[in-house]
Amino acid sequence: MTTVRQRRAGKGTEAAEDQPSEEKNVKPDGKILSDHTGGKLWNVLSISVGGIVALSLGLLTSVYVATLHENDLWFSNIKEVEREISFRTECGLYYSYYKQMIQAASIQQGLHGLVYDNKTESVRTINILERMNVYQEVLLSILYRILPIQQYLEPVYFYIYTLFGLQAVYVIALYVTSWLLSGTWLSGLLAACWYITNRTDTTRVEFTIPLRENWALPFFAVQIAAITYLLRTHLQPVQERLTVTAVFIATFLFSLTWQFNQFMMLIQALALFILDCFDMLPTAKVTWLYIIQISALLLVCVLQFFNSMILGSLLISFNASVLIARTIQKNLKKGGLLNRLGKLILHVLLVLCLTLLINKFIKKSLNLESDEHIFKFLKAKFGFGATRDFDANLYLCEEAFGLLPLNTFSRLSDTLLFYIYVFVLFLMTVAAVIVAFQNLSGSNQVQFMEKMEECTITLKPDAAYNLIHTVLFGCLALSTMRMKYLWTSHMCVFASFGLCSTEVWKLILKCIHLYTSQRTHVIKYSIPIITLLYISYKFWPGIMDELSELREFYDPDTVELMNWIKSSTPNTAVFAGSMQLLAGVKLCTGRTLTNHPHYEDKNLRERTKQIYQIYAKRSPEDVYGILRSFGTDYVILEDSICYERRHSRGCRLRDLLDIANGHIMDGLGENEPDLKPSLYPRFCEEIKKNLPSYTIHFTRVFQNKTFHVYKLAKHK
């Protein structure tokens, strides 16, 4: 097991751009700006300063996470095998394809090796470009080969610096989104500072570098910024076309780099659907966004050799259903309140039924089962019946797929982020409900203002979209901890926007009869500045201490195992073991695997369950037969799995296997009535006794404190 240990001694004021409001050309003293040239110069100066601050914060964030990574592992000083081992589980698998492309005799040969890969899954040839989202590794490897940088930069540094560089893009996109919403770059500065000070809950890039989400989320943030700009009113046709192009490119790159893109964009499509139903977004722009999502996903589908998981995605079915339902119900947004509510309910039911029918038809026609494990997991997670399905339980028992821990909110509250977020969310939700009711009842703005002279409620399309976006992704994060990074980063944007928004403070002050434009401007700038000063005072010393803390990578058992495999086994040897470990075996040694952590394939899931019988109560003959059916030459057993204590009873891997096999679990506790005792002891324990029934099939060839490697006999 890998650990880290202590390292040994040795080697100004902004104008609101494109934010129409009654104070736009008013100075704090209330005088109208008569000099338009001066106003334009002030805007240019403000944009320039804001842009410089955005770039600076992005670069500082990139350097910050790179420094943390170096300090935590002493990456520059450790051996190549240790660097590769530090890329854990699926991270190591993805990086192995970058390494494979770099080491190939030519780019063409490297691509051929990916398209016709027979080392990732033994006795089977698969297309890596179809099965996995690794085009980013392909592109980086090609760039590394053609750019004149080989003498100055090692391949691994080119890779990790690219990921750290994307963090700069991420922070800049968050900054710009907040700036666009509030009209002041002070809001962007606050969003970026919150992102950095809440790093534990906003990103994990420094210790899971090649993870797909670290590639995808910066592009997702760019897409949200572009959508926020697109939803503004009074855009010129050229501006609209350029923004639509930016949305498409960002959506395409997001989709290309993460296998779970379709689920994230489905939530985004639901947000657009809700807002469109309540007439809070321009219908034409919503239609464009639906089409962009479908087009980007289909283009990725083509690049991934018509990946079945994409073709059968709910997103394509949902977006198509919405567009069809709109055509059928042409007068959806006409009539009184009750009339529109009735039409709306029918519209929702029609879209839901069409989505299920289209998705069922596609999956039935193409015999698609790539994502069935996800729906089994969701069904069990939300209480629609207990399950003994091994794959579903494997997810259910992982902390990352559990509910968001409550201590997350205490950490976010330390920086004041959570308190301010809840405050802004409450105000914006109330405004959204009032505006939605107003739109459904058919009342126009003039009538509404007559009824509420003192407290006018408005909600711009860009703010409305970001409100529903944060609510839906918040629900996702609360239900599944691993997805919190999609929510917490946007939380920074949304909270900072509310704190710096003229509209929010105007609404509050008008409702309590204290509104003046001067007072609004004072509050709009003073409270964010005070918040920034508080964050700096409280967290700057901690950041400095964190940057000065030096650790060192330390995993001698895994290093010893990898070195032994490279020196003592044939290059063609096939290894079986846990998914997580085998990803490292492929990266460090290049040996052939029986299974791996990229779980989005039904055949691989069934194969993994079979391989994992090495930790179940099965006879040596059964286990030997299973392993040999996959061409296995060596099997690696891990004590940390065989004698696992990390999970409670019922969630240990051996328990999941026992339940799936119909066997009683080990240890004290209840068992389901129909579970029976196994006729055989646990394989991973019994094999170590060197009994004749085991040694006839398995010979131990390597052992240390963590791993036991057995060579399989080749019987005729």
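Residues numbered from 1 in each chain as written. Predicted model: local features only at pLDDT ≥ 70, side-chain atom pairs only at ≥ 80, totals over all residues. Heavy atoms only, no water.

1. Description of the pairing of strand β5 (residues 634–638)
Among the five residues that make up β5, five are buried, leaving the element largely enclosed by the rest of the structure. Of the two faces of β5, the one carrying Tyr634, Ile636 and Glu638 and the one carrying Val635 and Leu637 are both buried. Summarising the sheet, strand β3 (residues 574–576) and β5 pair through two bridges and their orientation is parallel. Pairing of Phe575 across the sheet is with Tyr634, part of β5. As paired strands, β5 and strand β7 (residues 707–712) are joined by five bridges and run antiparallel to one another. (Buried < 20%, exposed > 50% of the residue type's maximum accessible area, 1.4 Å probe, protein only. Helix = DSSP H or I, 4+ residues; strand = E, 2+ residues; numbered from the N terminus. Pairing = 2+ DSSP bridges.)

2. Thoughts on the pattern of salt bridges
Inspection of the entire model under this criterion finds 33 salt bridges. The partner of Glu121 in a salt bridge is Arg124, and the shortest N-O contact between them spans 2.8 Å. Accessibility expressed as a relative area gives 0% for Glu121, which makes it buried. Notably, a salt bridge pairs Arg551 with Glu549, separated by 2.7 Å at the nearest N-O pair. Given a relative accessible area of 25%, Arg551 falls into the partly exposed group. What makes Glu549 partly exposed here is its relative accessible area of 34%. The network of salt bridges with shared partners includes Lys617, Arg654, Asp658, Asp666 and Arg682. (Salt bridge = Lys/Arg side-chain N within 4 Å of Asp/Glu carboxyl O.)

3. Side note on the environment of Gly402
Tracing the sequence through the fold places Gly402 in the loop between α18 (390–396) and α19 (407–414). Placed 75 residues apart in sequence, Gly402 and Ala477 show a C-alpha to C-alpha distance of 9.7 Å. Residues contacting Gly402, with those up to four places away along its chain left out, are Lys381, Ser479, Thr480 and Met481. (Contact = heavy atoms within 4.5 Å.)

4. Quick notes on the domain arrangement of the chain
For the chain, the domain assignment lists domain 1 (163–370 + 387–548) and domain 2 (556–712). Domain 1 and domain 2 are separated by 43 Å when their C-alpha centres are compared. Each partner contributes to the interface: domain 1 provides 13 residues, whereas domain 2 provides 21 residues. For domain 1, the biggest contributors to the area lost against domain 2 are Arg388, Phe390 and Cys397; these three give 47% of the whole. Scanning the region where domain 1 abuts domain 2 turns up two salt bridges. With a shortest N-O distance of 4.0 Å, Asp391 and Arg605 are connected by a salt bridge. At the boundary of domain 1 and domain 2, one finds two residue pairs in polar contact (both at pLDDT 80 or more). (Domains from an automatic or database assignment. Buried area = accessible area lost by both parts, 1.4 Å probe. Polar contact = N/O pair within 3.5 Å; in protein donor to acceptor, adjacent residues only side chain to side chain.)

5. Remarks on the side chain of Thr531
Tracing the backbone shows Thr531 in helix α25 (residues 517–548). Classification of Thr531 by relative accessible area gives buried; the value is 6%.

6. A short note on the environment of Gly442
By the element assignment, Gly442 lies in the loop between α20 (417–441) and α21 (445–451). Since its relative accessible area comes to 53%, Gly442 is described here as exposed. Placed 23 residues apart in sequence, Gly442 and Tyr465 show a C-alpha to C-alpha distance of 21 Å.

7. Overview of the sheet that holds β3
Ordered in space as β4-β3-β5-β7-β6, the five strands form an open sheet in which the pairing is mixed. Each end of this open sheet is capped by a strand with a single partner; those strands are β4 (592–593) and β6 (698–703). Alignment of β3 against β4, held across two bridges, turns out to be parallel. By the bridge assignment for β4, Val574 is matched with Thr592.

8. Details of the state of the cysteines
Using the criterion set out here, one finds two disulfides in the structure. A sulfur-sulfur separation of 2.0 Å characterises the disulfide bridge that pairs Cys642 with Cys684. Measuring the twist about the S-S bond at about 80 degrees, one finds the Cys642-Cys684 disulfide to be right-handed. Taken together, the residues Cys642 in helix α30 (residues 639–642) and Cys684 in helix α32 (residues 683–686) connect sequence positions 42 residues apart. With a relative accessible area of 1%, Cys684 lands in the buried category. Not part of a disulfide, Cys500 finds its nearest cysteine sulfur in Cys193, a span of 11 Å. (Disulfide = S-S within 2.5 Å.)

9. Comments concerning the environment of Leu272
When you line up the elements, Leu272 lands in helix α12 (residues 261–277). Here the alpha-carbon distance between Leu272 and Ile468, two residues 196 residues apart in the chain, equals 8.3 Å. Leave out the neighbours within four places in its chain, and Leu272 touches Leu281, Val286, Leu289, Tyr290 and Tyr465.

10. Thoughts on unusual backbone geometry
The backbone phi angle of Val123 is positive, close to 50 degrees, even though this residue is not glycine. Given the relative accessible area of 62%, Val123 is considered exposed.

11. Some words on the packing of aromatic side chains
Inspection of the entire model under this criterion finds 31 aromatic pairs. Ring centres of Tyr144 and Phe158 lie 5.6 Å apart, and the angle between their planes is 45 degrees; on these two criteria the pair is classed as tilted. Highlighted residues: Tyr144 in helix α6 (residues 135–146) and Phe158 in helix α7 (residues 155–182), separated in sequence by 14 residues. Classification of Phe158 as buried rests on a relative accessible area of 13%. (Phe/Tyr/Trp six-rings, centres within 6.5 Å; stacked < 30°, edge-to-face > 60°.)

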